[in-house]
Amino acid sequence: MDVLAIAPLANLTDWVRGRGLAVVLIVIGSVLLARLVTWVGGKVTARIDASAGGGDALVRSEAAKHRHSLTQVLQWVAVVVIYTVATVTVLSTLGLPVTSLVAPATVLGVGLGFGAQRVVQDVLAGFFLITERQYGFGDVVSIAVVGGGDPAEGTVEDVTLRITRMRSVNGEVVIIPNGQIVKVVNLSRDWARAVIDVPVPASTDVTHVQDVLREVGEQAFADEQLAKLLLDTPSVMGVTSLGLDEVNVRIVARTLPGKQFDVGRDLRSRIALAFRREGIVVQPQSPEEPVTGHDPREVPS
């Protein structure tokens, strides 16, 4: 009886020392390797942000945005590959015939394929989204999804093959599956434009208004702080619309990406002061008139 009792214990001890130990080492090694990949990916993205951001996450080169997103995707793919290889290795170590599982896995894969079509769609859409550089980390975007409704606006915080995570104007985190995106408006790509329509009464001397706006643009470009955000001197486009009671005169400024809203607010303040100094009255807008130039980063009042 003692021999029968000791034999199973000896077999269990041999299994633990052999295959059991190998399985434990494989699992621990895969976890450590995945954490190493995550740590390296975090260091690389932090270095990219530090070298390209310069203290402002919105003003960064397009190449830096793409490298940040690409690094995150490669990190995610590497972790998936590590755990997949570890799973197959553990099954082989336990003595399970992996090759004999090919046929059941194929059937299971087909069944999962029909149920995971949306996941595959998200991954493919994310692949083209990143390779085509539609947007990247730090971009201010407006994304319309399938089904219509109001588009999601905010700053992109993370882009993977499956989802896009962005921060809304109210500080909420919005997660959008890449396969559901039908339209993207990138508000911080390469350069931006601040467009300001100044409504004045129809009886106002339009030539004088344009001269004042042109002077405001030159003074703004001469300002050391504002000149850092402008690419050239703001230009007066002239009259854009005529009405029975008012005339809209437009001034346009090319800015750094994502800085059109800051420049627009500053120019409006300068225009208001200049008009008050020159005695020019600004025509009040009707309540029904839609407000343009909304800053997706600004919390509405």
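For every chain, the first residue of the written sequence is number 1, and numbering continues from 1 onward in sequence order. Totals for whole chains, interfaces and linings use all residues, but because this is a predicted model, local features are given only for residues with pLDDT of at least 70 and pairs of side-chain atoms are given and counted only at 80 or more. Water and hydrogen atoms play no part in the side-chain values, which are based on all heavy atoms of the structure.

A few points about the packing of aromatic side chains
Piece 1. For Phe, Tyr and Trp, where Trp contributes only its six-membered ring, two rings pair if their centres lie within 6.5 Å, and the inter-plane angle classes them as stacked under 30 degrees, edge-to-face over 60, or tilted in between. Considering all chains together, one arrives at one aromatic pair under this definition.
Piece 2. Summarising the aromatic geometry, the rings of Phe-127 and Phe-128 are spaced 5.4 Å apart at their centres and angled 75° between planes, so their arrangement reads as edge-to-face.
Piece 3. Take Phe-128: its relative accessible area is 43%, and that puts it in the partly exposed class. Burial classification: accessible surface area is computed with a 1.4 Å probe over protein chains only, and a residue below 20% of its type maximum counts as buried, one above 50% as exposed, and the rest as partly exposed.

Considerations on the sheet that holds strand β3 (residues 163-167)
Piece 1. Taken together, five strands build an open sheet; the order of strands is β4-β3-β2-β1-β5 and the sheet is antiparallel. Only two strands of the sheet have a single neighbouring strand rather than two, namely β4 (173-177) and β5 (181-186). The mean inter-strand angle of the sheet, taken between neighbouring strand axes irrespective of direction, is 45°.
Piece 2. Both strand β1 (residues 140-145) and β5 contribute to a ladder of five bridges, which runs antiparallel. Along β5, the bridge assignment pairs Val-145 with Ile-181. Paired strands, as defined in this entry, are two strands with at least two bridges between them according to DSSP. Helix and strand labels come from DSSP, where a helix needs a run of H or I of at least four residues and a strand needs a run of E of at least two; each type is numbered from the N terminus. For helices, the fitted axis covers only the stretch in contact; all axes are lines through C-alpha atoms, and the angles between them, taken along N-to-C directions, range from 0 to 180 degrees.

So, the environment of Gln-134
Piece 1. Tracing the sequence through the fold places Gln-134 in the loop between α4 (117-131) and β1.
Piece 2. In this structure the C-alpha to C-alpha distance between Gln-134 and Asn-186, which are 52 residues apart in sequence, comes to 7.8 Å.
Piece 3. Discounting residues that sit within four places of it in the chain, Gln-134 has contacts with Phe-128, Leu-129, Val-184, Asn-186 and Arg-189. Contacts between residues were defined by any pair of non-hydrogen atoms, one from each residue, lying within 4.5 Å.

Describing the environment of His-208
Piece 1. Structurally, His-208 is set in helix α5 (residues 206-222).
Piece 2. Placed 70 residues apart in sequence, His-208 and Glu-278 show a C-alpha to C-alpha distance of 9.4 Å.
Piece 3. Other than its neighbours up to four places away in sequence, His-208 contacts Glu-278 and Ile-280.
Piece 4. Polar side-chain contacts of His-208 include one of 3.4 Å to the side chain of Glu-278. Under the rule applied, a polar contact is a pair of N or O atoms within 3.5 Å (in protein, one hydrogen donor and one hydrogen acceptor; residues adjacent in sequence only if both atoms are side-chain atoms).

Some details on the sheet that holds strand β6 (residues 192-201)
Piece 1. Taken together, three strands build an open sheet; the order of strands is β6-β8-β7 and the sheet is antiparallel. The open sheet has two free edges, formed respectively by β6 and β7 (235-242), since each of these has just one partner strand. Strand-to-strand twist in this sheet, taken as the mean axis angle between neighbours without regard to direction, amounts to 25°.
Piece 2. One ladder, built from six bridges, connects β7 with strand β8 (residues 246-255); its direction is antiparallel. Note that in β8 the partner of Val-236 across the bridge is Ile-251.

Here's the deal with unusual backbone geometry
Piece 1. For Arg-133, which is not glycine, the phi torsion reads 55° and is therefore positive.
Piece 2. Mapped onto the fold, Arg-133 is located in the loop between α4 and β1.
Piece 3. Using a relative accessible area of 40% as the deciding quantity, one classes Arg-133 as partly exposed.

Concerning a nonpolar patch on the surface
Piece 1. There is a patch of nonpolar side chains on the surface, built from Leu-33, Leu-36, Trp-39, Val-40 and Val-44 and spanning about 450 Å² of accessible area.
Piece 2. Relative to the elements of secondary structure, Leu-33 occurs in helix α1 (residues 2-53). Patch membership needs two things, relative accessible area over 30% and no salt bridge, and members are linked within 9 Å if like-charged or within 5 Å if nonpolar (Val, Leu, Ile, Met, Phe, Trp, Tyr). Calculation of accessible area relied on Shrake-Rupley with a 1.4 Å probe; when residues are assessed, cover is drawn exclusively from the protein chains displayed. The working definition used for a salt bridge is a side-chain nitrogen of Lys or Arg within 4 Å of a carboxyl oxygen of Asp or Glu.

Examining the pairing of β4
Piece 1. One ladder, built from five bridges, connects β3 with β4; its direction is antiparallel. Bridged to Thr-164 within β4 is Ile-176.
Piece 2. The loop that links β3 with its antiparallel partner β4 comprises five residues; one of these, Gly-171, has a positive phi angle of about 85°.

A short note on helix α7 (residues 260-278)
Piece 1. One less than the number of residues in a helix, times 1.5 Å, gives the span that helix is expected to have. Across its 19 residues, α7 extends 26 Å between first and last C-alpha, which sits within 8% of the 27 Å expected from 1.5 Å per residue.
Piece 2. Looking at α7, one finds that the buried residues are Gln-260, Phe-261, Val-263, Gly-264, Leu-267, Ile-271, Ala-274 and Phe-275. Angular distribution of buried residues about the axis of α7 spans 145°; they occupy a single face of the element. Facing away from the buried side of α7 by over 90 degrees, the exposed positions are Leu-273, Arg-276 and Arg-277.
Piece 3. On its buried face, α7 sits against β6, α5, α6 (224-227) and β8.
Piece 4. Within two residues after α7, Gly-279 carries a phi angle of roughly 75°, on the positive side. To be clear, the arc concerns the directions from the helix axis to the C-beta atoms.

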